[in-house]
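# An overview of the molecular structure
If you want the building blocks of each chain, they are given just below.
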Amino acid sequence: MRPVNDVVVIGRDAPAWMAAAAIVRSLGAAGVKVRVIELPSLLKATDCYSALPALDGYHLRVGLNDRLVWTTCKAVPVAGQRFNCWGGAGAPFLHGYDREIADAPLEFTHFWTKARQDGLRSEFEAFSLAAMAARAGRVPVSQDGASLRATFGYNIDARSYAVLLRHCTLGLGIGAKEATLADVEVDGDRIAAVVLDDGERVEADLFVDASGPEGRLIGRLPGTELESWREWLPCDRVMVASARTLQPLPSFSQISAFAQGWIGLFPMQNRTSVVAVYDSRQISDQEMAQSLPSLARAPVNSEVAVSPLNQGIRRRCWVGNCVAIGEAAFSLEPLDAVQLHMTHNCISQLMALFPVEAGQFPEAQTYDDIIRCVASNLRDFQILHYKLNHRIGELFWDRCRETAVPETLQRKLDIFAARGHVPLNDFETFQTSSWASSFIGHGLMPQSFDPRLDAIEEREQIAEVHLRMKAVISQVEAFPSVEDFIAPTQQQGQARAAPLRQEQL
Amino acid sequence: MGEPLDIVILGGGTAGWMAATALVTFLPSSRCRVRLVESEEIGIVGVGEATLPQMKNFNDAIGVNEAEMMRATKGAFKLGIEFVDWGTKGSRYIHPFGAHGTADTAHVFHHRWVRALRSGWESDIQEYSFAVQAARMRRFNFPSTDQAAIESTFSYAYHFDASLYSVFLRGLAEQRGVIRTEGKVGEIVRDPQSGDVRSLTLESGESITGDLFIDCSGFRSLLLDKTLGVAWEDWSKWLPCDRAFAVPSERGEFTPFTRSTAMEAGWRWRIPLQHRTGNGYVCSSSFIKEEDAAASLLRSLDAKPLAEPRMLRFQAGRRVVSWEKNCVAIGLASGFLEPLESTSIYLIQVAVLQLLPLLPMKRIDPRLRDEFNRLIDMEYERIRDFLILHYKLNTRGDAEIWRYCAAMEVPDSLNHKIEIFRHSGIIKRYHGLFSPPSWLSVFVGQGLVPEGYSRLADTEPEDDMIAGLDALRTTIRDKVGQMPSHDDFIADYCAPESPLAAVTEEVRP
């Protein structure tokens, strides 16, 4: 049995370095050698990676000090995302990164649903530690002995993050070469070699395709055509620009719907990244560029970049000796902070399924099954925003509401509407509280609650609701502001209360 | 909120009383009223004498005192199932309720073991399982709550008398408000328009109406099958056993595990309780005559039988839906999988616990019904595949049933699982029964050792790794040696009260 020892990562930007570093950190000691063929970067100065809290797990895996991300990548910690202008009676809402309370017999959703039926006026969000931290411009760091837990993700300057990862990866002794591909030699359902622009012919036991949506390697192999998700995610363009820095810095990103798509404002230390995702059949690139400042409610600098968007998944993501990760495997919108997570998740699966024998890859089918699960769950989370919009009378949004969604999502919508429960699948990224807060935020109220709630005495139910609200308020007070978090000062422990800045963006 | 839901449970037994107890424990009387109809003339199957660790969660949740329950049901502890003669004749392995390796390395442990094997350092994987070693040495203690300790790497279940468990639960349920009606059902009255069941007419003439009916009538499946005609999905091509002969014997060796011994036409269970041992032969009538099977069972007993063998007929499979109209089948009325992995009571438990959050109001919400059916389907299918694995991986070749099973086509989902494990030792994780440690112990126990192993196990020098394995083996042996014996533990924890104590009890005012 000949082991897989030579791995070549072909790709660019953060995904390529993320893969290379993870493989070497996990398997270098086992004799696995990694080489990176670095394709020209596609990142623009305006690009931002919006990342979920789980990225800290990746940093831990590769031994990257999280602090470096805050100090060198103009990054801002975000406790969640605020959804604005998605219509209907629902006010803007925050999907905060709360951590589940393990072993809670009944989720808080049920207490809240019942209390609302009995006349409670507080929004669901008022009981989310992360959402309230975000509204107060604070960062939900971990607190000893606190009853509720929340966490935060990252808005990172994409170029500096790629540079940081490149630096860390090369520091692990990984060989790298900047090149473009002259040819990909395919032999049946494997890659025989990759020929670089300088004529070098590169062979490997395993190729990792981290080239992004193009899928420079995987796309050359049979059976890897893209299965489109456009019927549910109708936008086909991304426009990226930047605006001035927000002061003080908010600890949330804002996602606002407009007539033909949505626009995201992602606060960073040196600027605000402005990302518009839209349907080019409804609005031209030029019109979009013109509308950008008014939609962003801020002057937008002149450098505006447009790229196409092709949401979908390859029918096979691992063929022969070529495994696709991140956007080379499946594409989603830059929404819900999933971009780096897609790469991170693929890498984790690859580590667990790392092939034991060169030339034979039965692991590929398991990888495909799992990635399809991961990707469909993420896709469903993005679709829910479109499906539950209430922008009535606008062609684009009316159609989104009317389109039937995948069965897996319809089931979640149905069971949540009926009972406030979220039937999770295997390999879910977002847990119950994320689904619940997004459903409720978009106006999908549970018609009833778990019958077991009725077995709890009414005054205990009321106490539970009150205690939780109190806990949120007192815990939020102790969180640092974004500025204090980024550049800790002596007063960090007693950070001053910042005014609510919900309307600032 | 409106009127409470009137729930009628048809059939006592383990399923009926578990459902009844859970309903009145978790829901207030303002939400539902529970009636249970059973007849003392109809016996219960009660073969589910061996359970899974989830049973403890159920008992804890309904507020059962463990020692009291075990005393009442003549129960004992169970750390796993020993499979004898399954992979090959003369082989023996335990599927433990626990992991192999330490708590923090369990995910990579078996890869290290394979690596050691490939380098020529042969050892039995069972030596690295705390639960297996405790079972082998007939020891028992509660798992440690220190997550890092090797003594935390297992959980436990019970052996008990299932009919006594029903009696025990009946006591609780009646105390908590379940109304029991003695009687046999004569007629089942349906709404001519909707087809829903409206009432049960007892032979006494009494009519019991309800909004929701729970069919716990066992194999007869009076509501789902006989009344609503819900189709049956037959799985006997994969699980050919269709008969069971059950016989109790005098107390013999008191093992903290179930034993399953492969036989000429199926397999035999052995379940030690405090006062007796439960035995049974699950076999296929295509491969053995009934009288031969009964005789074979009696010959194999290690102690005197206490009754004549009782025969049960069944077919592996399940109803295509468990919830149809306003009737929900729980237990044998919803399907049957042989008790090879002690899943019967588990299946009752999940059905009850899935029904609670999805329990309808006066009108059935089809969304909730469909979700219940989907969840139950998933449980059945996953357990089915795990059971088939035991048969498929045999290499006995000494009897027709074993040759048939080794050669049979299995579901694709299972085939892929076997092939990827054979090649790389990979076990895909999913929610629900069974977790990777269970798959691992059966794969390896049946003789399937992976050809390759994860590179994650290749990161330390071979000698260090082997020294680590060796040290772990020693630690487990030492720690298990410090545990009390299962006999002593039971005597101390939940044996029947001594006659003297009973007398003292009586003379108290």
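Because the structure is a prediction, the values reported are computed rather than measured.

Analysis parameters
- Residues numbered from 1 in each chain as written.
- Chains lettered and ligands numbered in written order.
- Predicted model: local features only at pLDDT ≥ 70, side-chain atom pairs only at ≥ 80, totals over all residues.
- Heavy atoms only, no water.
- Helix = DSSP H or I, 4+ residues; strand = E, 2+ residues; numbered from the N terminus.
- Rg over C-alpha atoms; globule rule 2.2 N^0.38 Å.
- Contact = heavy atoms within 4.5 Å.
- Areas by Shrake-Rupley, 256 points an atom, 1.4 Å probe, with all protein chains shown as cover.
- Lys, Arg positive; Asp, Glu negative; His and termini not counted.
- Charge placed at Lys NZ, Arg CZ, Asp CG, Glu CD.
- Axes fitted to C-alpha atoms, helices over the stretch in contact; angles between N-to-C directions.
- Parallel < 35°, antiparallel > 145°, perpendicular 65-115°, else oblique.
- Left-handed = near helix turned anticlockwise from the far one by under 90°.
- Nonpolar A, V, L, I, M, F, W, Y, C, P; charged D, E, K, R; others polar.
- Salt bridge = Lys/Arg side-chain N within 4 Å of Asp/Glu carboxyl O.
- Buried < 20%, exposed > 50% of the residue type's maximum accessible area, 1.4 Å probe, protein only.
- Buried area = accessible area lost by both parts, 1.4 Å probe.
- Polar contact = N/O pair within 3.5 Å; in protein donor to acceptor, adjacent residues only side chain to side chain.
- Expected span 1.5 Å × (residues − 1).
- Core = buried A, V, L, I, M, F, W, Y, C linked by side-chain atoms within 4.5 Å.
- Phe/Tyr/Trp six-rings, centres within 6.5 Å; stacked < 30°, edge-to-face > 60°.
- Lys NZ or Arg CZ within 6 Å of the ring centre and 35° of its normal.
- pLDDT = per-residue confidence, 0-100.
- Pairing = 2+ DSSP bridges.

Here we come to the overall build of chain B. When helices and strands are counted, chain B shows 16 helices and 21 strands. For chain B, the C-alpha radius of gyration of 24 Å lies close to 23 Å, the compact-globule estimate for 509 residues. Based on the C-alpha atoms only, the size of chain B along its principal axes is roughly 75 × 60 × 50 Å. Taking the contacts inside chain B whose residues are at least 6 apart along the sequence as the reference set, 77% of them involve residues at least 24 apart. Only carbon and sulfur atoms are counted for the fraction: they give 49% of the accessible area of chain B, which is about 19,600 Å². A distance of 2 Å separates the average location of the 57 positive side-chain charges in chain B from that of its 68 negative side-chain charges.

Across its full length, chain A carries 14 helices and 22 strands. Taking 505 residues into account, the globule formula puts the C-alpha radius of gyration at 23 Å, and chain A, at 23 Å, falls close to it. In terms of principal-axis extent, the alpha carbons of chain A reach across some 75 × 50 × 50 Å. Pairs at least 24 residues apart make up 77% of the contacts formed inside chain A by residues separated by at least 6 positions.

We now examine the packing of helix α9 (residues 344–358) of chain B against helix α10 (residues 366–392) of chain B. Between two packed helices, both the angle of their axes relative to each other and the distance between the axes serve to describe the pair. Residues and elements named next belong to chain B. Running from amino to carboxyl end, α9 crosses α10 at an angle of 160 degrees, the nearest separation of the two axes being 10 Å. Here α9 lies roughly antiparallel to α10, going by the angle between them. When you trace α9 past α10, the crossing you get is right-handed. Across the interface between the two elements, Y346, L347, V350, A351, Q354, L355 and L358 of α9 pack against L368, E371, F372, L375, I376, E379, Y380 and I383 of α10. Across the contact of α9 with α10, the residue classes break down as 12 nonpolar, one polar and two charged.

This part takes up the pattern of salt bridges. All chains considered together, the criterion is met by 72 salt bridges over all chains. Of the charged contacts, one joins E178 of chain A and R166 of chain A as a salt bridge, the two residues approaching to 3.5 Å between their closest N and O atoms. In this pair, E178 of chain A sits in strand β8 (residues 175–178) while R166 of chain A sits in helix α6 (residues 158–171), placing the two residues 12 residues apart along the sequence. It is possible to trace a salt-bridge network through shared partners that takes in E82, R92, R136, R138, E253 and R259 of chain B.

To continue, consider unusual backbone geometry. Only a minority of non-glycine residues have a phi that is not negative, and only a minority of peptide bonds are not trans. For the bond from Q247 of chain A to P248 of chain A, the omega torsion is -15 degrees, close enough to zero to count as cis. Along the chain, the position of P248 of chain A falls in the loop between β14 (237–243) and β15 (253–258). Each neighbour pair has its own omega, and for L433 of chain B with F434 of chain B the value is -10 degrees, a cis peptide bond. Topologically, F434 of chain B is positioned in the loop between α12 (412–424) and α13 (436–445). For K74 of chain A, which is not glycine, the phi torsion reads 50 degrees and is therefore positive. The residue K74 of chain A is located in the loop between α3 (66–72) and β4 (76–78) in this model. A relative accessible area of 32% places K74 of chain A in the partly exposed class. A positive phi angle, close to 55 degrees, is found at K74 of chain B, a residue other than glycine.

The accessible area lost on association of the parts is a frequent measure of interface size. At the interface, 34 residues of chain B touch 42 residues of chain A. Per-residue buried area on chain B facing chain A is highest for R367, H423 and R455 of chain B; these three make up 25% of the total on that side. For the interface between chain B and chain A, the tally reads one salt bridge. Ionic pairing is found between D426 of chain A and R382 of chain B, a salt bridge with its closest N-O pair at 3.1 Å. Here chain B and chain A share 11 residue pairs in polar contact (both at pLDDT 80 or more) between them.

An α-helical segment advances 3.6 residues per turn. Residues three or four places apart therefore align on the same side. Between the first and last C-alpha of helix α9 (residues 363–387) of chain A there are 35 Å, a value that for 25 residues agrees with the 36 Å anticipated at 1.5 Å per step. Across the 25 residues of α9 of chain A, 21 count as buried, placing the element largely inside the fold.

Okay, the nonpolar core next. Proteins that are soluble and globular tend to have nonpolar side chains buried together. Grouped together as the largest cluster of nonpolar side chains are 148 residues, with contacts concentrated most on V9 and Y161 of chain A. Within the second largest apolar cluster, 143 residues are counted, among which are Y93, L169, W439 and M465 of chain B.

Moving on: the packing of aromatic side chains. Across all of its chains, the model carries 53 aromatic pairs over all chains by this definition. Chaining the aromatic ring pairs together yields one cluster made of F77, F140, F142, Y156, Y158, F489 and Y493 of chain B. Between R468 of chain A and the ring centre of F108 of chain A, over which it is positioned, the NZ or CZ distance is 4.4 Å. Against the face of F254 of chain B rests R251 of chain B, its NZ or CZ located 4.1 Å from the ring centre.

Interpretation of this model should avoid reading the predicted coordinates in detail wherever pLDDT is low. Overall, the predicted model of chain A reaches an average pLDDT of 94, with 96% of residues at or above 70. Note that residues 490–505 of chain A has pLDDT below 50 and, in this model, 36 contacts with residues that lie over four places away or in other chains.

Residue and element names in this part refer to chain A. Over its 14 residues, α6 extends 20 Å from the first C-alpha to the last, a length consistent with the 20 Å expected when each residue adds 1.5 Å. All buried positions along α6 are accounted for by A158, S160, Y161, A162, L164, L165 and T169. Buried-residue contacts for α6 involve α1 (13–27), β3 (48–51), α2 (55–62), α3, β7 (153–157) and α8 (339–352). Just downstream of α6, G173 is the residue with a positive phi angle, here 85 degrees.

To continue, consider the side chain of S211 of chain A. Among the secondary structure elements, S211 of chain A is positioned in the loop between β12 (206–210) and β13 (226–228). Residue class for S211 of chain A comes out buried when judged on its relative accessible area of 2%.

A separate point is the pairing of strand β9 (residues 181–187) of chain A. The two faces of a sheet get side chains in turn, since along a regular strand they alternate between them. All names here are of chain A. As judged from the six bridges shared by β9 and strand β10 (residues 190–196), these two strands associate in the antiparallel manner. By the bridge assignment for β10, V186 is matched with I191. Counting the residues that bridge the hairpin from β9 to β10 gives two residues, and of these G188 lies at a positive phi of roughly 65 degrees.

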